[in-house]
Amino acid sequence: MDGRRSLGRRFGCLWAAYAVSAFGTSLSFGAFPLIAVLVLHAGPAAVSALAAAGLAVGAAVAVPLGPWVEFRRKRPVMVAMDLVRFAALLSVPAAYALGVLGFVQLLVVSVVVAAADITFGAASGAFLKSLVGGEDLLIANGRFEATNWTTIVIGPPLGGAAIGLFGPVTTLLADAVSYLLSALGIRAIGGGEPRPAPAGAAKGSLVEGWRYILTSPVLRPLFFNTVLVNALIMVPMPLLTVLMLGPLGFAPWQYALAFSVPCLGGLLGSRIARPLVARYGRHRVLLTSGVLRACWPLGLAFAGPGTAGLLLVMAVELGVITSCAVFNPVFSTFRLETTPTDRVVRTLSAWSVTGKLTTAALTALWGLLATFTGTREAIALAGLLLLATPLLLPRQPAAVSEASQDALPSSAGST
């Protein structure tokens, strides 16, 4: 019943803008490695380097943007980041049409998009907290999570078909347009948004965000856990792309199907997250789903050709995605509730920058590792390391349950 409760017209506009951009992103799922492999004929090391460098440099560029966003109205920042992503992505099909697309351009675009993603995410988290609060925050995050997985169910197969019919850069064009539509939707939200007080702006650096995370007994273990889990889930993806499209002989539409159908589990997980919290408590849901999401990826190392291999990849992804879809909205809501309002942008920016830098470093390392040990062996190592990450999850139920009560939005003068 609560899942159907209206959160107001302004949230509806934000949700619609998110849905449009999420659908565009899902259409272009894996577009950069696909273009690198199919158009530029790149190998495993180059594909991993593309993913790693884009994340690393994008995160570095985003570092000074976090403090800048902290003391500005969030909605104009979100619109600006959507327009930046629109222009950057549009340059790829334009260059392809002119016959001048190269690896360097893909790298530059991935950097720009990564930096804009971090900045947009930090601004949107702060804006969402100002738009809805209390119990509605978990409902809002659950709706975003459900929307994300719904679009991924639909988008990649359509994207794979579009690539087959219209060429390898078609989905990036659609993704670019989706960011333009998202910018228009965010602009349509309307309403006033007070400019954050400039007092204390000098303390708005991301160092403050990292300091707050690392000194928080409840956020610190979640920080290390989520950063490592997300990185170790993502680093094998470029290698799996090369493996599936190369030695295993899967077509692009089969590759897309392998990652889209399991996203039905994401839709299920996002819908049951709130009832599970109501029945079992936040800590138990975080701990259980946090453990489960680390248990599946090792299976990707055993993927083979044909229908059996495709079904194995789909089964592994179904397990990972369902577990993550339960964990993510509960974790995101807890993090927003625990973080004082005047620290949200710094905290989310520091968290995202660390995550992207870690993923970038490990992706580059795994690309080199695959060169020396083999693709399957590198994928298996990531899966084995994931099995140890649940040790970093918080063990104290009372701390997780009471943290948001102890860290209500602080006064403007807090440090």
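Residues numbered from 1 in each chain as written. Predicted model: local features only at pLDDT ≥ 70, side-chain atom pairs only at ≥ 80, totals over all residues. Heavy atoms only, no water.

Student: Whenever I open this one, the overall build of the protein confuses me. Can you help?
Tutor: The secondary structure content of the protein amounts to 18 helices and zero strands. Looking at the protein as shown, the accessible area adds up to about 17,100 Å², and 70% of this sits on carbon and sulfur atoms. (Helix = DSSP H or I, 4+ residues; strand = E, 2+ residues; numbered from the N terminus. Areas by Shrake-Rupley, 256 points an atom, 1.4 Å probe, with all protein chains shown as cover.)

Student: Sorry, what's going on with a nonpolar patch on the surface here?
Tutor: A contiguous nonpolar surface patch, about 590 Å² in accessible area, is contributed by Val-20, Leu-83, Leu-90, Leu-173, Val-177, Leu-180, Leu-181 and Leu-184. Sorting the residues of the nonpolar patch by element identifies helix H5 (74-98) and helix H8 (170-187) as the ones contributing at least two each. Looking at the nonpolar patch, the element that brings in the most residues is H8, giving five residues. Mapped onto the secondary structure, Leu-173 falls in helix H8. (Patch = residues over 30% accessible without salt bridge, like charges linked within 9 Å, V, L, I, M, F, W, Y side chains within 5 Å. Salt bridge = Lys/Arg side-chain N within 4 Å of Asp/Glu carboxyl O.)

Student: Explain the nonpolar core to me, please; I cannot follow it from the model alone.
Tutor: The tendency in soluble globular proteins is for nonpolar side chains to be buried side by side. Membership of the largest hydrophobic core comes to 36 residues, with the highest contact counts inside it found for Leu-240, Met-244, Ala-258, Phe-259, Leu-300, Trp-366 and Ile-379. Counting only elements with at least two residues in this core, the list comes to helix H10 (219-234), helix H11 (236-245), helix H12 (252-260), helix H15 (306-338), helix H16 (344-373) and helix H17 (375-386). The contact partners of Met-244, leaving out residues within four places of it in the chain, are Gly-249, Phe-250, Tyr-255, Ala-258, Phe-259 and Leu-310. Counting 29 residues, the second-largest nonpolar core is a separate cluster that includes Val-77, Leu-137, Leu-336 and Leu-348. (Core = buried A, V, L, I, M, F, W, Y, C linked by side-chain atoms within 4.5 Å. Buried < 20%, exposed > 50% of the residue type's maximum accessible area, 1.4 Å probe, protein only. Contact = heavy atoms within 4.5 Å.)

Student: Any chance you could explain the side chain of Ser-110 here in plain terms?
Tutor: Structurally, Ser-110 can be placed in helix H6 (residues 103-131). The exposure class assigned to Ser-110 is buried, which follows from its relative accessible area of 12%. Aside from chain neighbours lying at most four places away, what touches Ser-110 is Phe-32, Leu-50 and Gly-54.

Student: Would you take a moment to explain the environment of Gly-185 for this structure?
Tutor: By the element assignment, Gly-185 lies in helix H8. On the basis of relative accessibility, which here comes to 18%, the residue Gly-185 falls in the buried class. C-alpha of Gly-185 to C-alpha of Arg-10: the two residues are 175 residues apart in sequence and 10.0 Å apart in space. Beyond its immediate chain neighbours, meaning those up to four positions away, Gly-185 contacts Cys-13 and Ala-17.

Student: Honestly, the pattern of salt bridges in this entry has me stumped. Any pointers?
Tutor: Where charged atoms of side chains with opposite charge meet at close range, the side chains can pair. Counted by the stated rule, this structure contains four salt bridges. Residue Glu-208 pairs with Arg-211 through a salt bridge whose shortest N-O separation is 2.4 Å. Of this pair, Glu-208 and Arg-211 both sit in helix H9 (residues 206-215), three residues apart, roughly one helical turn. For Glu-208, a relative accessible area of 14% gives the class buried. By relative accessible area, Arg-211 is classed as partly exposed at 45%. Here the salt bridges do not stand alone but share partners, grouping Asp-82, Arg-85 and Asp-117 into one network.

Student: Can you walk me through the environment of Leu-89 in this structure?
Tutor: Within the secondary structure, Leu-89 is located in helix H5. If we ignore the near neighbours within four places in the chain, the residues touching Leu-89 are Phe-32, Val-109, Val-113, Leu-172, Asp-175, Ala-176 and Tyr-179.

Student: Before we go on, may I ask you to explain the packing of H10 against H11 in this structure?
Tutor: Packed helices, taken two at a time, are described by their axes: the angle between them and the distance between them. Interhelical geometry of H10 versus H11 gives an angle of 15° and a closest axis separation of 5 Å. Classified by the interaxial angle, the pair formed by H10 and H11 is roughly parallel. Listed contacts from H11 to Leu-232, Ile-233 and Met-234 of H10 are Pro-236, Met-237 and Pro-238. In terms of residue class, the contact of H10 with H11 is made up of six nonpolar, no polar and no charged. (Axes fitted to C-alpha atoms, helices over the stretch in contact; angles between N-to-C directions. Parallel < 35°, antiparallel > 145°, perpendicular 65-115°, else oblique. Nonpolar A, V, L, I, M, F, W, Y, C, P; charged D, E, K, R; others polar.)

Student: What am I meant to see in the packing of aromatic side chains here?
Tutor: For any pair of aromatic rings, geometry is given as the distance between the ring centres together with the angle between the planes. Summed over the entire model, instances satisfying the criterion amount to seven aromatic pairs. For the pair Phe-11 and Trp-15, a centre-to-centre distance of 5.9 Å together with 35° between the ring planes defines the contact as tilted. Taken together, the positions of Phe-11 and Trp-15, both in helix H1 (residues 9-27) and four residues apart, correspond to about one turn of that helix. Overall, Phe-11 belongs to the buried group, its relative accessible area being 1%. Where Phe-11 meets Phe-144, the ring centres are 5.6 Å apart and the plane angle is 55°; that geometry is what we call tilted. Note that Phe-11 is positioned in helix H1 and Phe-144 in helix H7 (residues 135-166), a separation of 133 residues in sequence. You'll find Phe-11 and Phe-144 in the same group, each marked buried. Three or more aromatic residues link up through ring pairs in this structure, and these residues are Phe-223, Phe-224, Phe-327, Phe-331 and Trp-351. Arg-293 extends its terminal NZ or CZ atom over the ring of Phe-327, reaching a point 3.9 Å from the ring centre. (Phe/Tyr/Trp six-rings, centres within 6.5 Å; stacked < 30°, edge-to-face > 60°. Lys NZ or Arg CZ within 6 Å of the ring centre and 35° of its normal.)

Student: I keep staring at the environment of Arg-187 and nothing clicks. Help me out?
Tutor: Turning to its location among the elements, Arg-187 is positioned in helix H8. Take Arg-187: its relative accessible area is 63%, and that puts it in the exposed class. Each C-alpha atom of the pair Arg-187 and Ala-17 lies 9.5 Å from the other, and the pair is 170 residues apart in sequence. Aside from chain neighbours lying at most four places away, what touches Arg-187 is Arg-75 and Val-79.

Student: In this structure, what is going on with the packing of H15 against H16? I would like to understand it.
Tutor: Axis separation between H15 and H16 bottoms out at 10 Å; the angle between their running directions is 135°. Comparing their axes, H16 and H15 come out oblique. Contact residues: Phe-331, Arg-335 and Leu-336 in H15; Val-344, Leu-348 and Trp-351 in H16. Tallied by class, the residues present in the contact of H15 with H16 amount to five nonpolar, no polar and one charged.

Take it as geometry only, folks, not as evidence of what the structure does.
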